[in-house]
Amino acid sequence: MITIHDLSEIFKTSYTEEDLYIEYFDNDNWIVEVENYYENIVDVLTYVESCNYTDHKSIIQMQNIIRAFAPIPNIDDCMLEYISTQVGRKIVRETAMPFPPTTNNLDSLGIFTIITPEIFEKAEQETNNCVPPHRDDFVNGQIYLSGGCGTSFYQYNGEELPNLTSVPSGKLETSQDYENYLDKYYTEVYHTDGEPNTFIMFNGQFHHAVDYKRQKERENYRIIQNIYFADVTTQFTQELIHMVDDNDLRWNHIILYEFLNNNIVWRTDDPKIQQEKDNWLKGAPTILPIETYMNYIQGE
């Protein structure tokens, strides 16, 4: 028997700007926190635990996680406008996959920037799978549903890293290896406890990681709802293009940059980005006109 869920009732929120706490840090880093985000966290967690989970380790390297995908547009656009104003960045929602449909009609793509892909994550405690502090090329949103452990944020103390997503090398086979690695390269500047029904949003360029060190005192897993946003501030997107040395990745960032400028929001690892590049190479029709990429390609 199939159970029909009214997601608008389950994922119901009620908060105002007074409920948003924003902390600012150096290097344009910031974190937004909202406590008691959902009206009924029990209903949300019950729904999430009823999802079909699959063990798909290739989604994130080095971490054993179990994920289920469900598109749920539950982040208020007014909230994004307010946060954008406060942090001085233009933040929009990522386009959900498998939406929008493959089409060359630009107008039909733009409306899907209001939909976001949601990922429910169970992070298991595996001492040899601790993901080190890292940065992302998007804005992160997380809603802690079950507790378990939170998120730590760091200042990086080592030599300058070559790329946005680079991390210093290290052999992390035991929990002591991991703690020594942290002590050598990082200073923790903030952490969230991961209390159930707490929402956080932060600049993905802020070095961050699952709070494994405090996880020892908690249960050995957590369920969170991941929500991805894009920072489409012009300066940021321009920097994306010029900081990528690898030619293949650079093409992806060029395409992403043009998508952002046309109000079509995808992540660099989205299959649509690769599809657009492949179509260009084969001379097949592309979603955006080929001319939009030519200046960058010829500039190489």
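The preceding data block contains the structure.
In every chain, residue numbers begin from 1 and rise along the written sequence. Per-residue local features of the predicted model are confined to residues with pLDDT of at least 70, and side-chain atom pairs are confined, for both listing and counting, to 80 or more; whole-chain, interface and lining totals are unaffected and use all residues. Side-chain descriptors were evaluated using all non-hydrogen atoms of the structure, hydrogens and water having been removed beforehand.

Undergrad: Honestly, the environment of Ile-255 in this entry has me stumped. Any pointers?
TA: Note on conventions: DSSP H or I runs of at least 4 residues are helices, E runs of at least 2 residues are strands, and numbering of each starts at the N terminus. Along the polypeptide, Ile-255 turns up in helix α8 (residues 247–261). Relative accessibility under 20% of the residue-type maximum defines a buried residue, over 50% an exposed one, and the middle range a partly exposed one, all with a 1.4 Å probe and only protein chains included. Take Ile-255: its relative accessible area is 5%, and that puts it in the buried class. On a C-alpha basis, the gap between Ile-255 and Leu-288 in space is 9.1 Å, while along the polypeptide they are 33 residues apart. Should any heavy atoms of two residues lie within 4.5 Å, those residues are considered in contact. Setting aside anything within four residues of it in sequence, one finds Ile-255 in contact with Ile-273, Glu-276, Lys-277 and Tyr-293.

Undergrad: Where do I start with the packing of aromatic side chains in this structure?
TA: Any pair of aromatic rings gets described here by the distance separating the centres and the angle formed by the planes. Note on ring pairs: Phe, Tyr and Trp rings are taken, using the six-membered ring of Trp, and paired if centres are within 6.5 Å. Classes follow the plane angle, with under 30 degrees stacked, over 60 edge-to-face and the rest tilted. In the structure shown here, the tally under the stated rule is 16 aromatic pairs. Measuring from centroid to centroid gives 5.6 Å for Phe-11 and Tyr-38, while their planes differ by 75 degrees, and the two rings are edge-to-face. Here Tyr-38 lies in the loop between β2 (30–34) and α2 (41–49) and Phe-11 lies in the loop between α1 (7–10) and β1 (20–24), a separation of 27 residues in the sequence. Accessibility classification places Phe-11 together with Tyr-38 in one group, the buried group.

Undergrad: Looking at this structure, I do not really get the environment of Leu-20. What am I missing?
TA: Examined against the element boundaries, Leu-20 turns out to sit in strand β1. A relative accessible area of 12% places Leu-20 in the buried class. Each C-alpha atom, one on Leu-20 and one on Glu-33, is 5.9 Å from the other, the two residues being 13 residues apart in sequence. Setting aside its immediate chain neighbours within four residues, Leu-20 contacts Tyr-15, Val-32, Glu-33, Val-34, Met-79, Tyr-82 and Ile-83.

Undergrad: Explain empty space enclosed by the protein to me, please; I cannot follow it from the model alone.
TA: Take a probe with the size of a water molecule and roll it over the atoms, and the empty space left behind shows itself. The pocket and cavity definitions rest on a 1 Å grid over protein atoms only: a 1.4 Å probe that fits but cannot leave marks a cavity, an open set with protein on both sides within 12 Å along at least five of seven lines marks a pocket, and residues lining either have an atom within 4 Å of a point. Grid points are joined across faces, edges and corners, and a volume is the space filled by probe spheres set on the points. Under the defined criterion, the tally for this structure stands at 2 cavities of 30 Å³ or more. Around the second largest cavity, the lining residues are Trp-251, Ile-254, Ile-255, Glu-276, Lys-277, Trp-280, Tyr-293 and Ile-297. Elements that contribute at least two residues to the lining of the second largest cavity include exactly α8, α9 (271–282) and α10 (291–298). Partitioned by chemical class, the residues of the lining of the second largest cavity number 6 nonpolar, no polar and 2 charged. Classes in brief: Ala, Val, Leu, Ile, Met, Phe, Trp, Tyr, Cys and Pro nonpolar; Asp, Glu, Lys and Arg charged; the others, Gly included, polar.

Undergrad: How do you make sense of the packing of α8 against α10 when you look at a structure like this?
TA: For any two helices packed against each other, the geometry is given by the interaxial angle and the distance between the axes. In this analysis an axis means a line fitted to C-alpha atoms, helices contributing only their contacting stretch, and an angle means the value between N-to-C directions, from 0 to 180 degrees. It is at 10 Å that the axes of α8 and α10 come closest, and there the two elements cross at 140 degrees. Taken together, the axes of α8 and α10 are oblique relative to one another. Read as a crossing pair, α8 and α10 show a hand that is right-handed. Residues Arg-250, Trp-251, Ile-254, Ile-255, Tyr-257, Glu-258 and Phe-259 of α8 lie in contact with α10, whose contacting residues are Thr-292, Tyr-293, Tyr-296 and Ile-297. To sort the angles, those under 35 degrees are grouped as roughly parallel, those over 145 as roughly antiparallel, those from 65 to 115 as roughly perpendicular, and the leftovers as oblique. A crossing counts as left-handed when the near helix is turned anticlockwise from the far one by less than a right angle, and as right-handed when that turn is clockwise.

Undergrad: Teacher, can you tell me more about the nonpolar core here?
TA: Inside soluble globular proteins, nonpolar side chains tend to come together where they are buried. Buried Ala, Val, Leu, Ile, Met, Phe, Trp, Tyr and Cys residues that are joined via side-chain atoms within 4.5 Å together make up what is termed a nonpolar core. By size, the foremost hydrophobic cluster in this structure holds 27 residues, and its most contacted members are Trp-30, Ile-83, Ile-91, Leu-145, Phe-199 and Met-201. Residues within four places of Ile-91 in sequence aside, it is in contact with Trp-30, Leu-80, Ile-83, Ser-84, Val-139, Met-201, Phe-229 and Ala-230.

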